[in-house]
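Structure assessment
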Amino acid sequence: MNVGVGWCTTLGGGFAPSIGVNLIVTFTLGIPFRFLVLIGRSISVVFFRKITTLTSLICSGIRFLDTSHIILIAQCFPLLQELDLSFPKKCSYNILNGLLQPLEPLSLALSKLRKAGHSYINDPSLFHLFKNCEFLEEAILFGCHRLTNSGIVSALAERPTLRSLSFTIYSEPRDCSTLFALLKNTLSLTEIRMEYSLNIIVHNSNSFMDIFVRPQLESLRLAHNSWLSDESIKAFASVFPNLQLLVLSYCTNISEQGIFHILRRCCKIKHLNLSGCLRVKLLGMNFETPKLEVLNLSRTHVDDETLFVISKSCRTLLQLLLEHCNDVTDKGVKHVLENCSQLREINLRGCLKMHKDVFHSMVFSRPSLRKVIVPTRSLFSNKELKLLSRQGCLFCK
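Pairing of strand β9 (residues 164-168) with strand β10 (residues 191-195) involves 5 bridges; the strand directions are parallel. Across the sheet, leucine 165 pairs through a bridge with isoleucine 192, a residue of β10. The sheet contact formed by β10 and strand β11 (residues 219-221) spans 3 bridges and is parallel. Following the sheet pairing, arginine 193 is matched in β11 by arginine 221.

Here we take up the pairing of β9. For β9, the tally of buried residues reaches 5 of 5 residues, placing the bulk of the element in the interior. Across 4 bridges, the pairing between strand β8 (residues 138-141) and β9 is parallel. Residue glutamate 138 lies in a different strand from β9, and its bridge partner there is serine 164. Traced from β8 through helix α5 (residues 149-157) to β9, the parallel crossover comes out right-handed.

Time to look at the pattern of salt bridges. Within this structure, the stated rule accounts for 9 salt bridges. For lysine 112, the salt bridge is made with glutamate 82, and the minimal N-O distance between the two is 3.6 Å. Residue lysine 112 is located in strand β7 (residues 112-114), and its partner glutamate 82 is located in strand β6 (residues 82-84); the two are separated by 30 residues in the primary sequence. Overall, lysine 112 belongs to the partly exposed group, its relative accessible area being 24%. Here glutamate 82 falls in the partly exposed class, since its relative accessible area comes to 23%. The partner of glutamate 323 in a salt bridge is arginine 299, and the shortest N-O contact between them spans 3.8 Å. With a gap of 24 residues between them, glutamate 323 in the loop between β15 (319-321) and α10 (330-339) and arginine 299 in the loop between β14 (294-296) and α9 (304-313) connect regions that are remote in the sequence. Because the salt bridges share partners, they merge into one network encompassing Glu82, Lys112 and Glu138.

With that out of the way, let us pick up the packing of α9 against α10. Where α9 meets α10, the axes come as close as 8 Å, and the angle between the chain directions of the two elements is 5 degrees. As summarised for this structure, α9 and α10 are arranged roughly parallel, according to the angle between their axes. For the pair α9 and α10, the contacting residues are Asp304, Leu307, Phe308, Ser311 and Lys312 in the first and Lys331, Gly332, Val333, His335, Val336 and Asn339 in the second. Partitioned by chemical class, the residues of the contact of α9 with α10 number 4 nonpolar, 4 polar and 3 charged.

This part is about the packing of aromatic side chains. Overall, the coordinates contain 3 aromatic pairs when judged by the stated rule. Judged by centre distance (5.7 Å) and plane angle (85 degrees), the ring pair of phenylalanine 359 and phenylalanine 380 falls under edge-to-face. Taken as a pair, phenylalanine 359 in helix α11 (residues 357-360) and phenylalanine 380 in the loop between β17 (371-373) and α13 (382-389) lie far apart in primary sequence, 21 residues in all. Like phenylalanine 380, phenylalanine 359 is buried.

Basis of the calculations
- All residue numbers refer to positions counted from 1 along the written sequence of the respective chain.
- It should be noted that, the model being predicted, local features are given only for residues of pLDDT at least 70 and side-chain atom pairs only at 80 or more, the latter also being counted only at that level, while totals for whole chains, interfaces and linings use all residues.
- Side-chain numbers come from the whole structure's heavy atoms, not from hydrogens or water.
- For two strands to be treated as a pair, DSSP must find at least two bridges joining them.
- Counting from the N terminus, the helices are the DSSP runs of H or I reaching at least four residues and the strands are the DSSP runs of E reaching at least two.
- Each residue is assigned to one of three classes by its accessible area relative to the maximum for its type, calculated with a 1.4 Å probe on protein chains only: buried under 20%, partly exposed between the two thresholds, exposed over 50%.
- Orienting the strands away from the viewer, one traces the path from the first strand over the helix to the second; a clockwise path indicates a right-handed crossover.
- Salt bridges are defined as contacts in which a side-chain nitrogen from Lys or Arg sits within 4 Å of a carboxyl oxygen from Asp or Glu.
- Convention adopted: a line fitted to C-alpha atoms gives each axis, helices being fitted over their contacting stretch, and angles between N-to-C directions are expressed from 0 to 180 degrees.
- Note on terminology: angles under 35 degrees are roughly parallel, angles over 145 are roughly antiparallel, angles of 65 to 115 are roughly perpendicular, and the others are oblique.
- The criterion used for residue contact is that any of the two residues' heavy atoms lie within 4.5 Å.
- Gly falls in the polar group here, along with every residue not listed as nonpolar (Ala, Val, Leu, Ile, Met, Phe, Trp, Tyr, Cys, Pro) or charged (Asp, Glu, Lys, Arg).
- Here the aromatic set is Phe, Tyr and Trp, taking the six-membered ring for Trp, and pairing holds for ring centres within 6.5 Å; pairs whose planes are under 30 degrees apart are stacked, those over 60 apart are edge-to-face, and all others are tilted.

Shown next as structure tokens:
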């Protein structure tokens, strides 16, 4: 199906995109299409008939969102699988009532819903959405301030087939009860992203004792949750034995002891993000991680001694991120290049103790390298970077 896209002012006349414009998309008969992105404007859509070939619609950051838009989307895209309505600039006062209306046409196929930045979304509206979207597999709900922990748990009970859930916790007590309550309601979740706990009110929780092992969970993203402790991390190791991706960036209350425990128990972990974890240095690591491919230690107190230990224990690394690790020098990086035989990318942005000369020999030391991010923009000229990149590895600022 052909897509005609044009800009016009709300008063008509003129086509320059400016504040106060609407995006008008007209669909005419032609070649089928499946993907449409409309970003940053209010939207009016004119259709000659239902569009049964469109499966993905992204309307991120549009200027104005009204109930009629959601109803129109439901009616005109009956086989829509992915819908992104994140971060609208403004919503009409009756948008919440619109969400509570039956969405049967939309629920026939919808599998991915992104509604980040929707302050009007509350517990009843989320419950309604989960109940009606029968095939929903992924929901992204960041920035929805009115949602509560209990509301998310209740809604999830209506959609036990959900595979991926991302949300933000704002004002309720911080412990693991929400995380484990979610897992009690579903056996299908393979990914949970629960980030940015803003108030630090740590409560002890016995939730670990009340849940069975959840081998299906492979991805756990818990960035900026300062309430997390080593005890929590150790419990994850028992409950999520098949974890492959773990993000704990800026979880400032955890130490290397908790990390060591989960790496020993969860031997399938491929991606570990510990950026901003200032208590984690990994010096006592005396075991190997045969599956670990991506390690992010940016903005930590990692030094050359740590890099030597990592180079011995994490030999299968493909990507190592060391942004703004102020104690890293040429010596530590050489250890990594020598022992991590499969390394393809290393990020050294902000590592100001690195010397220029070491970069000229990097590719010879480690032929598998394909990308190197240098410490500062001023270290190399663009011409020098191009010359370095002729070795088969991209050097960039």
